[in-house]
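A structural walkthrough
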Amino acid sequence: MRKSLHFSVSKVLVLFALQVAVVSAAQAKDMSQRLGVGFKNQFAADLPGLAAQYWPSADLGLSATVGIDTQTNNSKFGGMLKLYRVIYDEQNLNFYMGAGAGLLSQETSGRNESGFEVQAFTGVEFFLQGLENLGFSFETGIAITSMSSATRFRTFGDSPVRAGMTFYF
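Within each chain, residue numbers correspond to sequence positions counted from 1 in written order. Per-residue local features of the predicted model are confined to residues with pLDDT of at least 70, and side-chain atom pairs are confined, for both listing and counting, to 80 or more; whole-chain, interface and lining totals are unaffected and use all residues. As a rule here, side-chain values come from all non-hydrogen atoms in the structure, and water together with hydrogens is ignored.

1. Some remarks on the packing of aromatic side chains
Applied cut-off: To pair, rings of Phe, Tyr and Trp, with the six-membered ring standing in for Trp, must have centres within 6.5 Å; the planes then decide the type, stacked if under 30 degrees apart, edge-to-face if over 60, and tilted in the middle. Where helices and strands are cited, they refer to DSSP runs of H or I of at least four residues and of E of at least two residues respectively, numbered from the N terminus. Categorising residues by exposure relies on relative accessible area from a 1.4 Å probe, with only protein chains included: less than 20% of the type maximum marks a residue as buried, more than 50% marks it as exposed, and the intermediate range marks it as partly exposed.
Here the structure, examined in full by the defined rule, presents eight aromatic pairs. Relative to Phe-138, the ring of Phe-126 lies with its centre 5.8 Å away and its plane at 5 degrees, an arrangement referred to as stacked. Here the residue Phe-126 occupies a position in strand S6 (residues 111-127), and Phe-138 occupies one in strand S7 (residues 134-147), the gap between them amounting to 12 residues. For Phe-138, a relative accessible area of 23% gives the class partly exposed. Following the ring pairs from residue to residue traces out a cluster consisting of Trp-55, Tyr-84, Tyr-96 and Phe-121.

Next up, the structure:
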C-alpha cells in the first residue's frame, strides 16, 4: 500500500508539472491599443473616481482618474494620472508596477485645503473567462500626500470590495 501511495503522489506531481508548463506557454492578455472606462478608489481622501485607461502597447498603460464629492462643508476633489508597466503576464491576468501623481482638494468644516499625492504601486488586473472586456484590478503600494496643513506618508491596498473595474472597448 505504501508503494501505491508513493506512485499516486508521483503521478500527481508529474501532472502538476505538466499543467504548469502548459499554462506558462499560454498567451498573456494583450491590451495593446485598448481604451477602457471604469472606476477606481485611488486617493488618500477615500474618494472613488471615474477612470479612463489606455494601453498604447502590450506592456505600457496610462490612466486618468477624477473623483468628486460635493458634500456640504466636507467636499473633496481629486485628479490622478498613472503610468503602468506590465512585469509579469498570464493568460487572463497582468501583474504590473507603476507610478502616479495627482492633485487633491478637500474642505473640512468650511476650511479648504489643497495639495498633491505621489504614488508607487504594484497591482494585478484580471479577466474572467467569458468576460474578456471587463477587467478587475487590485493595487497596493506607498504614497506621499502633501496638503496645506500636513504631509502624510502611507501604505495602501485595495480590498476586493474596493477594487477597480474597467470595461475595455
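From this point, the discussion proceeds with the structure in view.
2. What about the nonpolar core?
The nonpolar side chains of a soluble globular protein tend to be buried, and buried together. The following threshold applies: Among buried residues, those of type Ala, Val, Leu, Ile, Met, Phe, Trp, Tyr and Cys that are joined through side-chain atoms within 4.5 Å constitute a nonpolar core. Contacts are assigned to residue pairs with any non-hydrogen atoms lying within 4.5 Å of each other.
Counting residues in each nonpolar core, the largest one holds 10 residues, listed as Met-31, Trp-55, Tyr-84, Val-86, Tyr-96, Phe-121, Phe-127, Ala-143, Phe-156 and Tyr-168. Looking at this core, the elements that each hand over two or more residues are strand S4 (76-90) and S6. If we skip the residues at most four places from it in the chain, Phe-156 touches Gln-119, Ala-120, Phe-121, Glu-139, Thr-140, Gly-141, Ile-142 and Ala-143. Membership of the second largest hydrophobic core comes to five residues, among which are Phe-43, Leu-47, Met-80 and Met-147.

3. Looking at the pairing of S7
Worth spelling out the cut-off: Two strands make a pair as long as DSSP finds a minimum of two bridges between them.
Where S6 lies against S7, 13 bridges are found, and the strand directions are antiparallel. The partner of Gly-123 across the bridge, within S7, is Glu-139. Between S6 and S7, which pair antiparallel one after the other, the connecting turn spans six residues, and Gly-130 there sits at a positive phi close to 95 degrees. Here four bridges tie S7 to strand S9 (residues 164-168), and the two strands are oriented antiparallel to one another. Bridge pairing in S9 links Phe-136 to Met-165.

4. Focus: unusual backbone geometry
One non-glycine residue with positive phi stands out, namely Gln-33, at about 60 degrees. Among the structural elements, Gln-33 can be located in the loop between helix H1 (2-24) and strand S1 (34-41). Overall, the relative accessible area of 57% leaves Gln-33 in the exposed class. The residue Asn-73 is not glycine, and still its phi comes out positive at about 60 degrees. Mapped onto the fold, Asn-73 is located in the loop between strand S3 (60-69) and S4.

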